[in-house]
Every structure is written in structure tokens, then in C-alpha cells.
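Observations on the three-dimensional arrangement
So you can see what is in the structure, the chains are spelled out below.
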Amino acid sequence: MNRLAQDLPEGMKLIPYGPNGVLENVIDLVGYEALCLLVYDDRQLVYDMFEQVGSRLVRYYQLAARYECVGACISNDDWGFKTQTLLSPSDLRRFVFPWHKRIVETVHAAGKPVILHSCGFFLKIMDDIIDDLKFDGRHSYEGAITPVEEAYEQYHDRIAIMGGIDVDYVCRSTPEEVYARSMAMLERSAGRGSYALGTGNSVSDYVPDANFFAMIRAVLDHR
């Protein structure tokens, strides 16, 4: 971290993210279908796997958050797809969320905010994310689930809304359309706060350069 800090422009901080998330790492270990079966066949084994993965990630964030050059941390863990969560909300609360709560507490103890990056359906667990896990911001809003404009109006007074200009939209629209929607989101949140403009997910190599730069240009023009 300290070596990276030497190359940072003045006033800039690092935002480290995890080596995959709590649920993602367990799925990598046993596979998604096997995990679903184990939830019913051997819940103690499932609990033990999450404990081993979660405790290591808590330690990772404890080490990462202590550096002065770190301004925030991202806890990245995909929990769902378009229509539902990967595990039931009750099983997420049993196996996954306790470890994210400890991650948030660990980073907060270092005086840093924590951003959740989690793709997929989130409507049945958003209160958990805000009220129980106490994330400061959430990233990844997909138009097929909840457009970022709706998410902002519903949640911005409880949690920061991050990104949300859907990658599919950025790919398929014209630069002018991307610019206009980006500017509209900046205008919507101006004076109200709790929003950071960005794409709904990672900027893939197939995203047209002109479209991505149109979004960036909106930020520069809005200033």
C-alpha cells in the first residue's frame, strides 16, 4: 500500500477491494449447485466453510484499512441474479451477512467508510444492507432490476447510491444519450448528495470508448 501511495496524486486515496467475497469464495470452493445441496444436507459444514472464508476476509480488511493512504474499502460479493438472490434471504442472514457485518465493523473501526459491490436482485435484502450490515454505500444497479433513478429516490437518504448507469445501456446507447442520462443523474442528486456517478458494473473492454468518455464528460461539465 505504501508503495502505491507514492504514486497517488495529491488528495487522492486508495479504495482496496477483496479477493472475491464471502459467498463467492465458498462457491468457488464447492460449486454453486453443491452449496445449494449442502445447505439442506449438512448445514454445519456450510457454517464451517463460511467461518473459514469469512474470518480470513475480516483479517484482510483489518490489514488493508489501517493504511493512511486508504480512504475507503469495497466489500465485493455478488448475492443474486436478475430475479432473486443466490441463497434465500434467510440463509444469507445465517451464513453470509454476519461476516460482512464484521468486515464493516472492522473498516469502520479504522475510521473508513465501506462500500458494498453486489450484483443481482437486492430488494428483499436492502434493509439488511442498510440497517443491519450498515454499509455506507452500495454499488451495482441494473436497469432490469431497479433503474438507478428509482433506487436513488427510494434509498439515497439511507445509503449512498454508487454508479448505476447500466453497462448494457452504456453499450447500446449513443454518446449523446449516455451524456444526457449522466447529467440528469447529477442534476437529480445535486444538493441532495449520496450519489457517485459511474457505470452499473465494471467497464468491460467491449464498452465503446466514446460512450464511456461521454459519462466522464458529464462529470467535468457539471462541475
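Our subject in this report is the structure included herewith.

The complete set of buried residues in helix α7 (residues 148-155) reads Val148, Glu149, Ala151, Tyr152 and Tyr155. Taken end-on, α7 shows its buried residues confined to a sector of 165 degrees, consistent with a single buried face. Against the buried residues of α7 lie α6 (126-132), β4 (160-162), α9 (175-189) and β5 (195-196).

If the charged atoms of two oppositely charged side chains come close together, the side chains can form a pair. Tallying each qualifying case throughout the model produces 10 salt bridges. Measuring nitrogen to oxygen at the nearest pair gives 2.8 Å for the salt bridge that ties Arg181 to Glu149. Taken together, the residues span a long stretch of sequence, with Arg181 in helix α9 and Glu149 in helix α7 at a distance of 32 residues. Across the pair, Glu149 and Arg181 agree in class, each one buried. In this structure, a network of salt bridges that share partners links the residues Asp127, Asp131 and Arg158.

Looking at soluble globular proteins, one finds that nonpolar side chains tend to be buried together. Counting 57 residues, the largest nonpolar core has Leu23, Leu35, Phe50, Trp79 and Val96 as the members making the most contacts within it. Beyond its immediate chain neighbours, meaning those up to four positions away, Leu35 contacts Leu23, Val26, Ile27, Val30, Val46, Met49, Phe50 and Leu87.

At a minimum axis separation of 7 Å, helix α2 (residues 22-30) and helix α3 (residues 32-41) run at an interaxial angle of 100 degrees. With respect to α3, the element α2 is oriented roughly perpendicular. Mapping the contact onto sequence places Leu23, Val26, Ile27 and Val30 in α2 and Tyr32, Ala34 and Leu35 in α3. Along the lines of polarity and charge, the residues of the contact of α2 with α3 split into 7 nonpolar, no polar and no charged.

Now for the side chain of His117. Checked against the element boundaries, His117 lands in strand β2 (residues 114-117). Apart from the residues within four sequence positions on either side, His117 is in contact with Ile74, Ser75, Asn76, Asp77, Asp78, His139, Ser140 and Asn201.

Let us now look at the packing of aromatic side chains. The final tally for this structure, using the stated rule, is 7 aromatic pairs. Where Phe50 meets Phe95, the ring centres are 5.8 Å apart and the plane angle is 20 degrees; that geometry is what we call stacked. With a gap of 45 residues between them, Phe50 in helix α4 (residues 43-65) and Phe95 in helix α5 (residues 89-109) connect regions that are remote in the sequence. For Phe95, a relative accessible area of 2% translates into the label buried.

Our next topic: unusual backbone geometry. Even without a glycine there, the phi angle at Ser140 is positive, about 100 degrees. Within the element layout of this structure, Ser140 appears in the loop between β3 (137-139) and α7.

Basis of the calculations
Residues numbered from 1 in each chain as written. Predicted model: local features only at pLDDT ≥ 70, side-chain atom pairs only at ≥ 80, totals over all residues. Heavy atoms only, no water. Buried < 20%, exposed > 50% of the residue type's maximum accessible area, 1.4 Å probe, protein only. Helix = DSSP H or I, 4+ residues; strand = E, 2+ residues; numbered from the N terminus. Arc of directions from axis to C-beta. Contact = heavy atoms within 4.5 Å. Salt bridge = Lys/Arg side-chain N within 4 Å of Asp/Glu carboxyl O. Core = buried A, V, L, I, M, F, W, Y, C linked by side-chain atoms within 4.5 Å. Axes fitted to C-alpha atoms, helices over the stretch in contact; angles between N-to-C directions. Parallel < 35°, antiparallel > 145°, perpendicular 65-115°, else oblique. Nonpolar A, V, L, I, M, F, W, Y, C, P; charged D, E, K, R; others polar. Phe/Tyr/Trp six-rings, centres within 6.5 Å; stacked < 30°, edge-to-face > 60°.

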